[in-house]
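# Chain and residue survey
Here's the letter readout for the chains.
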Amino acid sequence: MSAPRLAGAHFPVAVVGGGQAGLSVSYCLRERGIEHVVVERNRVGHEWRERRWDSFCLVTPNWQCRLPGYPYQGDDPDGFMVRDEIIRYLEGYVAFFQPPLREGVDVTGLRRGAGGVFELSTGEGEFTADQVVVAAGPYHTPSVPRMAERLPAGVEQIHSSRYRNADQLPEGAVLVVGTGQSGCQIAEDLHLAGRQVHLAVGSAPRVARFYRGRDCVAWLDDMGYYGKSIDEFDDAGAVRMRVNHYVTGRDGGRDIDLRAFALDGMRLHGRLTGIGGTDGTDRTRLEFADDLKVNLDRADAVAEGIKDSIDAHITAQGITAPDEPRYVPVWEPSEQAVSLDLAAAGITSVVWSTGFTRDHRWVEIPAFDGRGYPMHWRGATSTPGLYFLGLPWQHSWGSGRFEAVGRDAEFLANHIDVSRRMADVCGTLTGAPSELAAALPIG
């Protein structure tokens, strides 16, 4: 299919973003015969190609890759695709159904014009659409704390999105800040490469890779965890902001046990709280919170709590599964220093695994709450014809992932189809489902 022309064109639906979310809803729209265009700033697979390190792999099994019409078809369903395989999976999806895709075009503005038609500005000119799906994901701008500015000029600093391998960093020890999935896996990558690693440990939880004969993901899938709706939580706002559990699919999958790393020579610290010493003048001094033990204990408690729920499921269902001894900590922090001298520790580089911030400034429509998060129910906003797709916990745990983004895409495609048909009859689009519109925050 030839790439659609944008300047001056009009489409029933415009999809902004050509990652797994945008491609999923494109497939669903095509299945319903709805004309549309998908506009991607870079090229398909960009996030995986340009923002992942060389040894990156999925942390969920391949069988959870369930893009609409294109589930994982390889010969290792219980394995974990590495970076290049993920890219090929997405490229194969494009070849499979040939979406109306424009790559290398940045949407710089979205507003609602007269009569409710959406106007989209791009580097190739403006075009319009009756309905718009913003499928640009949540991870837009790398977030680095301002304290990074205090580090000496000679210390190499990179965000986790720019990390590729140990060889790109200067010789010497490396400080990794943050223990979400990226931070822990990058720390492991550096550690396995023989680098001295200092890791600032935060409050992220962990999960065991395998338990009682199966991947924990398989148990949780059977238990319905991944289908649980965000509406079933009393603290939905907090759930959406939770950090993911750290684990790895590397080399067939295994636990990430920070205590074992420490036993093997990795230096663990509490949260990084400051640079510059107590008076802010010594730019070679790092300050840490005295919370290392608390953070390690809490992460272990979450992992053991998940095992408790698996045990209960096995008992309730009468499943025959092998017994397995519970985790015993292999290392305990002794009295920890809350400060560290960069030079004395030989630290020559810092990897900031401190996440991303959202940037929806180009969406010139009042569809966000005070934190800048889109106000929606299952992706449908109170602005008729405007939708979001691919957000973490948009509806369930897998909403932003290969596991469930397709289900969310199906839901939105159905709503888009109904709205289109109603507009044909009564001349107006509908917003979020009427029975749930009252649940959407206004203002």
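Notes on the structure follow. What you are looking at is a predicted structure, and each value in this text was computed from that prediction instead of being measured. (Residues numbered from 1 in each chain as written. Predicted model: local features only at pLDDT ≥ 70, side-chain atom pairs only at ≥ 80, totals over all residues. Heavy atoms only, no water.)

Attention now goes to the overall build of the protein. When its secondary structure is counted, the protein shows eleven helices and 21 strands. What you see for the protein is a C-alpha radius of gyration of 23 Å, in line with the 22 Å of a compact globule of 443 residues. In terms of its C-alpha atoms, the protein occupies a principal-axis envelope of roughly 70 × 60 × 40 Å. By residue count, 53% of the 443 residues in the protein fall in the buried class. Excluding contacts between residues fewer than 6 apart, the proportion of contacts in the protein whose partners are at least 24 apart in sequence is 69%. (Helix = DSSP H or I, 4+ residues; strand = E, 2+ residues; numbered from the N terminus. Rg over C-alpha atoms; globule rule 2.2 N^0.38 Å. Buried < 20%, exposed > 50% of the residue type's maximum accessible area, 1.4 Å probe, protein only. Contact = heavy atoms within 4.5 Å.)

Below, the discussion takes up the pairing of strand β8 (residues 125–134). As defined by bridge partners, strand β1 (residues 10–16) adjoins β8 across six bridges and the pair is classed as parallel. When the bridges of β8 are listed, Val 15 appears paired with Val 133. Taken together, strand β7 (residues 118–122) and the strand that follows it, β8, pair antiparallel across an intervening segment of two residues. As paired elements, β8 and strand β21 (residues 386–388) share three bridges and run parallel to each other. Bridge assignment links Val 134 to a residue of β21, and that residue is Phe 388. (Pairing = 2+ DSSP bridges.)

Attention now moves to the environment of Val 132. Assignment of secondary structure puts Val 132 in strand β8. By relative accessible area, which is 0% here, Val 132 ends up buried. The sequence separation of Val 132 and His 376 amounts to 244 residues, and the corresponding C-alpha distance is 14 Å. Once residues lying within four places of it in the same chain are set aside, the contact partners of Val 132 are Ala 14, Val 16, Leu 110, Phe 118, Leu 120, Gly 385, Leu 386 and Tyr 387.

On to the packing of aromatic side chains. Inspection of the entire model under this criterion finds 19 aromatic pairs. Geometrically, the ring pair formed by Trp 48 and Phe 56 is tilted, given 5.9 Å between the ring centres and 55° between the ring planes. Across the pair, exposure class does not vary: Trp 48 and Phe 56 are buried alike. Cluster of aromatic residues (ring-pair linked, three or more members): Tyr 27, Trp 48, Trp 53, Phe 56, Tyr 70, Tyr 89, Tyr 93, Phe 96, Phe 97 and Phe 402. One residue, Lys 228, lies across the ring of Phe 233, its end atom 4.3 Å from the ring centre. Residue placement shows Arg 378 over the ring face of Phe 411; its charged tip is 4.0 Å from the ring centre. (Phe/Tyr/Trp six-rings, centres within 6.5 Å; stacked < 30°, edge-to-face > 60°. Lys NZ or Arg CZ within 6 Å of the ring centre and 35° of its normal.)

What sets the pattern is the α-helix's 3.6 residues per turn: residues three or four places apart point alike. Relative to the 38 Å expected for 26 residues at 1.5 Å per residue, helix α8 (residues 292–317) spans 38 Å between its end C-alpha atoms, a close match to the ideal helical length. Its buried side turned inward, α8 meets β13 (210–211), α5 (216–222), α7 (258–263) and β15 (267–269). Two residues or fewer past α8, Gly 318 is found with a positive phi of approximately 65°. (Expected span 1.5 Å × (residues − 1).)

Attention shifts here to the packing of helix α1 (residues 20–31) against helix α3 (residues 83–97). Axis separation between α1 and α3 bottoms out at 11 Å; the angle between their running directions is 20°. As far as their axial angle goes, α3 and α1 are roughly parallel. Our pair here, α1 against α3, has a crossing hand that is left-handed. Across the interface between the two elements, Gln 20, Leu 23, Ser 24, Ser 26, Tyr 27 and Arg 30 from α1 touch Leu 90, Tyr 93, Val 94, Phe 96 and Phe 97 from α3. When grouped by side-chain class, the residues that make up the contact of α1 with α3 number seven nonpolar, three polar and one charged. (Axes fitted to C-alpha atoms, helices over the stretch in contact; angles between N-to-C directions. Parallel < 35°, antiparallel > 145°, perpendicular 65-115°, else oblique. Left-handed = near helix turned anticlockwise from the far one by under 90°. Nonpolar A, V, L, I, M, F, W, Y, C, P; charged D, E, K, R; others polar.)

What follows is about empty space enclosed by the protein. Over the atoms, a rolling probe the size of a water molecule traces out where space has been left empty. Applying the stated criterion to the full structure yields two cavities of 30 Å³ or more. One number sums up the size of the largest cavity: a volume of about 40 Å³. Trp 53, Ser 55, Cys 57, Gln 185, Glu 188, Thr 248 and Arg 250 are the residues that line the largest cavity. Roughly 30 Å³ of volume is contained in the second largest cavity. In this structure, the second largest cavity is lined by Arg 206, Tyr 246, Asp 257, Leu 258, Arg 259, Leu 296, Ala 299 and Asp 300. Contributing elements (two or more residues each) for the lining of the second largest cavity: α7 and α8. Among the elements that make up the lining of the second largest cavity, the one with the highest residue count is α8 (three residues). Of the residues belonging to the lining of the second largest cavity, the class tally is four nonpolar, no polar and four charged. (1 Å grid on protein atoms, 1.4 Å probe; cavity = no way out; pocket = protein on both sides within 12 Å on 5 of 7 lines; lining within 4 Å. Points joined across faces, edges and corners; volume = space filled by probe spheres on them.)

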